[in-house]
Each structure stands twice: as structure tokens, then as C-alpha cells.
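Single-letter residue listing:
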Amino acid sequence: MPYTLDQLNAAPLAEAERMLDGLYEHTPWIAAQALQARPFQSLAQLKQAMAGALTRASVDAQLALIRAHPELAGKAMEAGTLTSESTGEQQRAGLTACTPEELARIRQLNADYQARFGFPFVLCVRGPRGTGLAKQQILDTFERRLHHHPDFERAEALRQIHRIVEIRLADKFGAPPTLGEQVWDWHEKLAQHSDPGCAEAGQLTVTYLTDAHRACAQRISRNMRDAGFDDVHIDAVGNVVGRYKADPGARNPKTLLTGSHYDTVRNGGKYDGRLGIFVPLACVQELARTGRRLPFDLEVVGFAEEEGQRYKATFLGSGALIGDFRPEWLDQRDADGISMREAMQHAGLCVDDIPKLKRHAADYLGFIEVHIEQGPVLNELNLPLGVVTSINGSVRYQGAYIGQASHAGTTPMDRRRDAACAAAELALYLERRAAQDGDSVGTIGMLTVPNGSINVVPGRCNFSLDLRAPSDAQRDALVSDVLAEAQAIAERRGVRLQLEETMRAAAAPCDAALQQRWADAVEALGLPVFRMPSGAGHDAMKLHEIMPQAMLFVRGENAGISHNPLESTSAEDMALAVHAMQHLLDGMARDTLSQS
């Protein structure tokens, strides 16, 4: 029979230590030290206590724990001396049934890794879903991590150990992250849809109103209906809108709005945006399953477009809800010459209905959004959730330097009007200038020489600019300096500068009351409350223009990388996000009823 938290809290210390035996490989002192913090109100709190004990330990103690782990498909497995926990985990990943070629490759990787770092490669082979990684995923991860800095890799090994412990603890206590697994599965099914060319390459790309995009909208609609939403429809810009209606007895109920986007960057990850659709979807599923209604409507929106990948406009989905959809955008054309108007008509959307989508703030309690962090902070701190304090202000440009194409062999260096060098100089200036502020960031993410040739001095170089800072004043100072230097570079190099602003978003401080609701929800789970700003832009910053908003971040794996196929989070962290939103909804329901 699985243990219960009540049993662990009440047991004598020696018995409690026995209950946690086997979590950390041959290293019982971590659980023993964590037990000093009893009683625990949740398994999440216990996990944090154990992680904290290891964080406070010396480097030598940390290395001893790492070295207590067996190599993957190594000598201990062949000799049959693995712990029962490790045996089961390696069997589940298929490592006990390797081909001779696979075994030889793993042995070489083990040797190379040990030679570089001085400890064995540690990986939670059961993966973020808990069902096991494929052997190729394991080999790819092994190869990638061989190139890490030693200090980073030691920290990554410890993070993997914490993940192993998390799964073992759930097994011991019979507490699978059921809701998180449901959210995980929804993501996997949605990720089956990808734009042509990317789908064949095994990449995830879903841009505005492509066939894959429309298929995603239909799948989300079906998920909403299956979960128990009362009304589900796709609106005039392609947003998927689901409404779970208030208790019939509620008087003049308002609406709480939540959601995020389902489009992706090119070759992106599965969780950016989509996590903020599926977490509230799981909450509605649980409300409907138990026949419970809230004293307010809950409106969940899968925003059709946020990333600005197909057209030079962003936040089309959330912008339409605040009345910020500009008619001139309809005439923009994508790389294939298809205008936005044509794409919308082909998708069966009624352009004339877009103005009708504007929400009226007086009808709403506010907007909340759950989002994967897209950064390394929570991952490095071993924290599953973070409460967002504000969203950075940002400005984006599409630009070009126009010089003179000429022969690379006959044009002297001091006679060149090299557009690519001008862009390169701007990129290096941007790197220096943004770093001066400490928390400003600047990126040239696109840099192309149209029709470039190896033996031609570039006559044109197209580039993008993405400038962000925590406040509008700091952002604007950065913008001013960068644009001035961009023009100065053009004059010095005898090239012409073209710049077009494509997006400007004000900084969006999170509403204090809603932010506190997220903090209370995190605390109710037994987790420490960590507050942090968001360097990335989100749909919440658009809704911020007409109503209060607040966000919850969910830890990302692989150093929090995002806009990348390695973007990942675990079923356990997804489940915690669902439970946090349930706490927030319950708190708002209690307060609404008490005020009525």
C-alpha cells in the first residue's frame, strides 16, 4: 500500500526515514535532514525541503551523490548490482535491451563524459511525462550535455536527480500527477499539427491561419467541448473561445478571463502559450466533472496569433479583444504573397465582425495567464512556480542597410559599402548597450543578405530589432541610443538605413490584488513564493490595457530554453499549475460570494 503524508508526518524519525529510503541513490542523509522540517502540508513541500538540503550541502557532498549513481547501461547494470529503483527505470527506457551497436555507443559516451566531468552521466530516463524517454532521446541528450561547462553540468546532474526523486516519491505515495498528465497529453496531440515542410522535418511550426493552425483551432475546440464548456466557438480572428457559465443563482455575474496563444515560432516548442490554454481547460474539466459552478463566468481563450511569424503584426488575437486590430494589417502579405485578408477569407473568418470582438472591462474581473517561464531562473532555483510582477515593455523593428553590391575580389576594403558589415556593427553595439542597464535586452534575431553570393560584397542586409526593458522609460532610452547609433553607422559606412516599427508594447505591471491571489495559491501548495518579472511579452500585456492582469510562471526544463524544440516542462509541474489555478478560482469564488 502507498504511504500517506499523514503517516510520514506522524511516524517516529527512524520509521519516517525508512519510508523515504531509496529516493536518493545510496544517500539517505538528504531525506533525513529534510524530515527535520515536518510536518509537511504537501509532497511538493517535502520535495522542496529535500532539494534545499542538497543545495545547502557542500560541493563535495553533492559530487558524492552524483557519483553514487550508476552509469546508464553501464557495468552495474551488466553485473546486476543496480538498486531496484534504477533497474526499473533503466528497463523502462529500454536500456537493458540495447543492440550491440547502441551498447557500444553508450559505453563510449560514458567514458567521454566521465573523462570530462569526473562523475557519471545522470538523466531521469523516465522523462518529463514519467513514462520513459526513447533511447534516441537519451543518446541525443547525452551528446548535447557533453559540451556543457563543468559547473553547469554538475548543477544539471543535481536537477536530474531531483526529478528522479520526484517520480520515485510519487510512486511511494501513490500520487501520480493525474491532471498534469492530462495536460501533457493535450499538448502532445496538439503538437501533431505543423506547417508544411516543418511537419516532414519533425519540427513544430504553426503560423497564423495555415492548415495546421486551423487544425489546432478545431482540436482545441473539441477539447473544450469534451471538458464541459457551455459555449465554444472560433471568432472572427481565429481565437478559440470557451465559456464555462456561472452558477444560475449568481446575481449579475462578471467574467474572469484567461488563456494564451496556440500559434508558435518556427521550429518552436510545445508549451509556449499552449500551457496557458490547457491549464484552465483542466480546471474547467474538474469543475464540470464534479458538477460545480462558480459565481462568475470563466472565459478561456486560445489566442490565434501572438508571435508575429507570418505577418508583420503581433498579438492579433488578444489585440482584437481590446479593440486594437488595425484595418491596414489586412493588406500585409506573407512570404508567398498572400494577404492577411485573403488568408482570413480562406479560413472562413468574417473580417467585418472583428470590431465586435472588443471586450468591455466593466464586465470582467480581470485576466490571468499561466505560461512556461521561457528562461532559466526557476529551473536554477529548483522552484516549479513563480509569481510574475510585471511584463517588460518592448519595441520591434524590421530594418535594412542598403549599400552597393560589388566584386569581392576587386573592391578595395576602403571603397566598400558593405551592408552586412553595417548590420554586424549594429549587432555588436546593441549587445554592449543593452548590457549597460543590467536588465535591458536587445536582439537582432534575423539577419539576411538577399541573393547573397560568396564572391559579392553584400549590397543589402535585412535585419530585425527586438528591444526590451522593465519600464517604458528604460526601454525608450535604449531605443533612442540604438536608433541613433544605427543611423551613425549608416553615415560612417556610406550606406542607407531603412527601419519600420512593427510592434510597440508598454510595460505591464501585474495587478497587486491578482498577483497576491497567485501568491496565495502557490503558498497553499506548500511552496515558497518567488516573485519575478517577465522578460518576454505575453497576451496579458495586451489585456493589461483595459483590465487588471496577473501571471503565473511554470518552470521549464533544459535550463528553461524556449522558442526551441528542447522546450519542456514536467507533468508534475503542470499539475501544480492546475492546482494553483484551482486555488485561485476557489479564493475568488469565496470572495465574490461574500460580497454579494
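Cut-offs and rules
- Residues numbered from 1 in each chain as written.
- Predicted model: local features only at pLDDT ≥ 70, side-chain atom pairs only at ≥ 80, totals over all residues.
- Heavy atoms only, no water.
- Salt bridge = Lys/Arg side-chain N within 4 Å of Asp/Glu carboxyl O.
- Helix = DSSP H or I, 4+ residues; strand = E, 2+ residues; numbered from the N terminus.
- Buried < 20%, exposed > 50% of the residue type's maximum accessible area, 1.4 Å probe, protein only.
- Pairing = 2+ DSSP bridges.
- Arc of directions from axis to C-beta.
- Contact = heavy atoms within 4.5 Å.
- Disulfide = S-S within 2.5 Å.

Caption draft 1: Summary view of the pattern of salt bridges. In this structure the tally under the stated criterion is 44 salt bridges. The shortest N-O distance in the salt bridge between Glu-188 and Lys-270 comes to 2.9 Å. Taken together, the residues span a long stretch of sequence, with Glu-188 in helix 11 (residues 178–190) and Lys-270 in the loop between strand 3 (255–261) and helix 13 (275–289) at a distance of 82 residues. Accessibility expressed as a relative area gives 27% for Glu-188, which makes it partly exposed. When its relative accessible area of 28% is taken as the criterion, Lys-270 is described as partly exposed. With its nearest N and O atoms 2.7 Å apart, the salt bridge here joins Glu-299 to Arg-359. Here Arg-359 lies in the loop between helix 15 (340–346) and strand 5 (364–372) and Glu-299 lies in strand 4 (residues 297–303), a separation of 60 residues in the sequence. Judged by its relative accessible area of 1%, Glu-299 is buried. Within this structure, Asp-472, Arg-475, Asp-476, Glu-501 and Arg-504 form a network of salt bridges that share partners.

Caption draft 2: Up close: the pairing of strand 2 (residues 240–244). Of all five residues in strand 2, five are buried, a share of seventy percent or more. Residues Val-240, Gly-242 and Tyr-244 point to one face of strand 2 and Val-241 and Arg-243 to the other, with burial holding for every one of them. Here four bridges tie strand 1 (residues 231–234) to strand 2, and the two strands are oriented antiparallel to one another. Looking at strand 2, one finds that Asp-231 is bridged to Arg-243. Between strand 1 and strand 2, which pair antiparallel in sequence order, lie five residues; one of them, Gly-238, sits at a positive phi of approximately 100°.

Caption draft 3: Local environment of helix 9 (residues 135–145). Along helix 9, the residues classified as buried are Ile-138, Leu-139, Thr-141, Phe-142 and Arg-145. Buried residues of helix 9, viewed axially, fall in a sector of 165°; they line one side. Buried residues along helix 9 sit against helix 8 (100–117) and helix 10 (150–172).

Caption draft 4: Layout of the state of the cysteines. Throughout the structure, instances matching the rule amount to zero disulfides. Cys-421 takes part in no disulfide bond, and the closest cysteine sulfur, belonging to Cys-461, lies 9.3 Å away. Note on Cys-510: no disulfide assigned, nearest cysteine sulfur contributed by Cys-283 at a separation of 18 Å. The buried category is assigned to Cys-510, whose relative accessible area is 8%.

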